[in-house]
2 protein chains.
Amino acid sequence: MLDAPNNIPDVVIKRLPIYSRALVQILATRQRTVSSNELAMATGSTAAQIRRDLSYFGGFGKQGKGYDVERLLAAIREILNLNEQWPVVLIGAGSLGQAVARYGGFAEQGFVVRRVFDHNVDRIGMRINDLVVQDVREMAELVRQEGILVAILAVPAGAAQKVADDLAKAGVKAILNYAPSTIQVPDDVRVHDIDPVAALQSLTYYLTPSEAQARGVSHRVS
Amino acid sequence: MLDAPNNIPDVVIKRLPIYSRALVQILATRQRTVSSNELAMATGSTAAQIRRDLSYFGGFGKQGKGYDVERLLAAIREILNLNEQWPVVLIGAGSLGQAVARYGGFAEQGFVVRRVFDHNVDRIGMRINDLVVQDVREMAELVRQEGILVAILAVPAGAAQKVADDLAKAGVKAILNYAPSTIQVPDDVRVHDIDPVAALQSLTYYLTPSEAQARGVSHRVS
DNA sequence: ACGTGTGAAGTCTTTCACAGCG
DNA sequence: CGCTGTGAAAGACTTCACACGT
């Protein structure tokens, strides 16, 4: 068990998976050692930030050398508890839910979708890979029984709050929320929102409508 | 055209779509006016933050009353350029790309997927709704010709950088990146990354592996 | 009395810059 | 000599708290 201080900023924790991703890639090139500068390049961050972030957890680097790729990756994986297998419940078996259930990327990283629930009678009983969609009314009991802590919410906006309440009551502590609405949860539950439309809507702020007119092969440098 | 100062923090811009979402919901209840406090409740923010955020764009509120829901929504939509229709290119017609292409939520908000490209010969020519998957080699020219500024990247990690380079050269200024890798772009291009696995990986930091053992209906309040 | 808009204060995060180790 | 780890400074963002308009 790591004896890290319990005061690490959330922003830092959010960046660790990005570092992890980059380290896996670097490891694949057989490179043994990586400097904060190289990692910064690979992650779109800065060398100072990477050194500061890693220093929260202790000295992983060697002066003049950098960080041992394999060792750093192992450390980050331990910090993030990625050596566990995390069983996950998925709520919502609409097109998004189905895409999530079929996507191999979660299981590959230890997030195994164990159960899928839906409210809609037409979807209950449906098979997705080796899972059968169950009635959402059975959710609370099964989640509690199986000690599942992680949920992926893929229901329409209108249903999200009620499901989130039920999940929290059933003991879930981490929710990946695909519903385009804000959900209220107790303090000991963490939510990460994914809203691609909202993301695009904030990107268009930086686009001037007039830019849309700038057609053709014009090479004006703004 | 709004004469807002050009110094508005990115975090603020990221929150505007959330306010917009909440306002649409409130508008549906026929409520005419909303206070910073109510909006805070609805968005999981705080009243002070909402007042501060909105104050960057001028005084939308009335003392003692709050904000006119309809007027505030219209203002935010104008700030974010949401009254435009934004044609979008989608790169990657794998399962994620297909899900994106079929998802109605983008078009509903003015982001119309105009073209889909893929590298894989097996996918080129495939129909998705009313679109036909085209060869990615035709992408640059078509994007430029049609003045498309917004792209959704749904290719494997290994292909993302090359595609991003081509998109930037073709004039794209906003990229929604679903590829689980960091992409490097020129300063005048904005990227928003969506990586659900990375999101889960940062959530599990807050979960103690021992918690997974806490099964049954135990009501310990930790 | 209610609720906005905003200086000022407080907190959090990033960046600088360098001592010190390998 | 190269590169980490980290005080200290700078900068960004949030929150407080209240004057003021309605």
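Parameters at a glance
Residues numbered from 1 in each chain as written. Chains lettered and ligands numbered in written order. Predicted model: local features only at pLDDT ≥ 70, side-chain atom pairs only at ≥ 80, totals over all residues. Heavy atoms only, no water. Least-squares fit on C-alpha atoms with pLDDT ≥ 70 in both. Contact = heavy atoms within 4.5 Å. Near = heavy atom within 4 Å. Polar contact = N/O pair within 3.5 Å; in protein donor to acceptor, adjacent residues only side chain to side chain. Helix = DSSP H or I, 4+ residues; strand = E, 2+ residues; numbered from the N terminus. Nonpolar A, V, L, I, M, F, W, Y, C, P; charged D, E, K, R; others polar. Core = buried A, V, L, I, M, F, W, Y, C linked by side-chain atoms within 4.5 Å. Buried < 20%, exposed > 50% of the residue type's maximum accessible area, 1.4 Å probe, protein only. Domains from an automatic or database assignment. Buried area = accessible area lost by both parts, 1.4 Å probe. Salt bridge = Lys/Arg side-chain N within 4 Å of Asp/Glu carboxyl O. Phe/Tyr/Trp six-rings, centres within 6.5 Å; stacked < 30°, edge-to-face > 60°. Lys NZ or Arg CZ within 6 Å of the ring centre and 35° of its normal.

Draft legend 1. Local environment of the relation of the copies chain A and chain B. Least-squares fitting of chain A to chain B yields an RMSD of 0.0 Å, with the transformation described by 0.0 Å of translation along the axis and a rotation of 180 degrees. Put plainly, the chains are arranged around a two-fold axis. Mapped onto chain B, 100% of the interface residues of chain A are again interface residues, and the two copies thus contact each other with one and the same surface.

Draft legend 2. The arrangement of the protein's contact with DNA strand D in detail. Surrounding DNA strand D, one finds 23 residues, the nearest of these being Ser36(A), Arg51(A), Arg52(A), Gly61(A) and Tyr67(A). Of what DNA strand D places within 4 Å of the protein, 53% of the atoms are sugar or phosphate. At 3.3 Å, a side-chain N or O of Gln49(B) approaches a phosphate oxygen of DNA strand D. A distance of 3.3 Å is found between a sugar or linking oxygen of DNA strand D and a side-chain nitrogen or oxygen belonging to Gln63(B). Contributions of two or more residues to the surface near DNA strand D are made by helix H3 (47–55), strand S2 (61–62) and strand S3 (66–68) of chain A together with helix H1 (10–28) and helix H3 (47–55) of chain B. Looking at the surface near DNA strand D residue by residue, the classes come out as four nonpolar, twelve polar and seven charged.

Draft legend 3. Region of interest: the side chain of Ser202(A). By the secondary structure assignment, Ser202(A) is in helix H9 (residues 196–203). A polar atom in the side chain of Ser202(A) sits 3.0 Å from the backbone oxygen of Ala199(A). Apart from residues lying up to four places away in sequence, Ser202(A) is in contact with Ile13(B), Lys14(B), Pro17(B) and Leu80(B).

Draft legend 4. Local environment of the nonpolar core. By size, the foremost hydrophobic cluster in this structure holds 52 residues, and its most contacted members are Phe106(A), Ile152(A), Phe106(B) and Ile152(B). What Phe106(B) contacts, discounting residues up to four positions off in sequence, is Pro196(A), Val197(A), Leu200(A), Val100(B), Phe111(B), Ile152(B), Leu176(B) and Tyr178(B).

Draft legend 5. Examining the protein's contact with DNA strand C more closely. Within the structure, DNA strand C sits among 22 residues, and Arg15(A), Ser36(B), Arg51(B), Arg52(B) and Gln63(B) are positioned closest to it. Each atom of DNA strand C within 4 Å of the protein was assigned to sugar, phosphate or base; sugar and phosphate come to 57%. Residue Arg52(B) places a side-chain N or O atom 2.5 Å away from a base oxygen belonging to DNA strand C. Contact distances for DNA strand C include 2.8 Å between a phosphate oxygen and a side-chain N or O atom of Tyr67(B).

Draft legend 6. The domain arrangement of chain A, seen in detail. We note that the domain assignment places domain 1 (10–79) and domain 2 (86–197) within chain A. Centre-to-centre separation of domain 1 of chain A and domain 2 of chain A, based on C-alpha positions: 32 Å.

Draft legend 7. Representation of the side chain of Asn81(A) within the structure. Relative to the helices and strands, Asn81(A) resides in the loop between helix H4 (69–79) and strand S4 (86–91). Polar side-chain contacts of Asn81(A) include one of 2.6 Å to the backbone oxygen of Leu207(B).

Draft legend 8. Examining the interface of chain A and chain B more closely. If you look at the interface, chain A gives 64 residues, while chain B gives 64 residues. Interface of chain A and chain B: buried area, both sides summed, is about 5700 Å²; carbon and sulfur atoms make up 67% of it. Across the contact surface, chain A and chain B share two salt bridges. The partner of Arg21(B) in a salt bridge is Asp195(A), with the nearest N and O atoms 2.7 Å apart. Inspection of the region where chain A meets chain B yields 14 residue pairs in polar contact (both at pLDDT 80 or more).

Draft legend 9. A look at the packing of aromatic side chains. Within this structure, the stated rule accounts for four aromatic pairs over all chains. With centroids separated by 5.4 Å and ring planes inclined at 85 degrees, the aromatic side chains of Tyr103(A) and Phe106(A) adopt a geometry described as edge-to-face. Look at Tyr103(A) and you get partly exposed, because its relative accessible area is 41%. Among the residues examined, Phe106(A) registers a relative accessible area of 2% and is labelled buried. Between Tyr205(A) and Tyr206(A), the aromatic rings sit 4.9 Å apart at their centres with planes inclined by 85 degrees, giving edge-to-face as the arrangement. Residue class for Tyr205(A) comes out buried when judged on its relative accessible area of 17%. Note that Arg190(A) overlies the ring of Tyr206(B), its terminal NZ or CZ placed 3.6 Å from the centroid.

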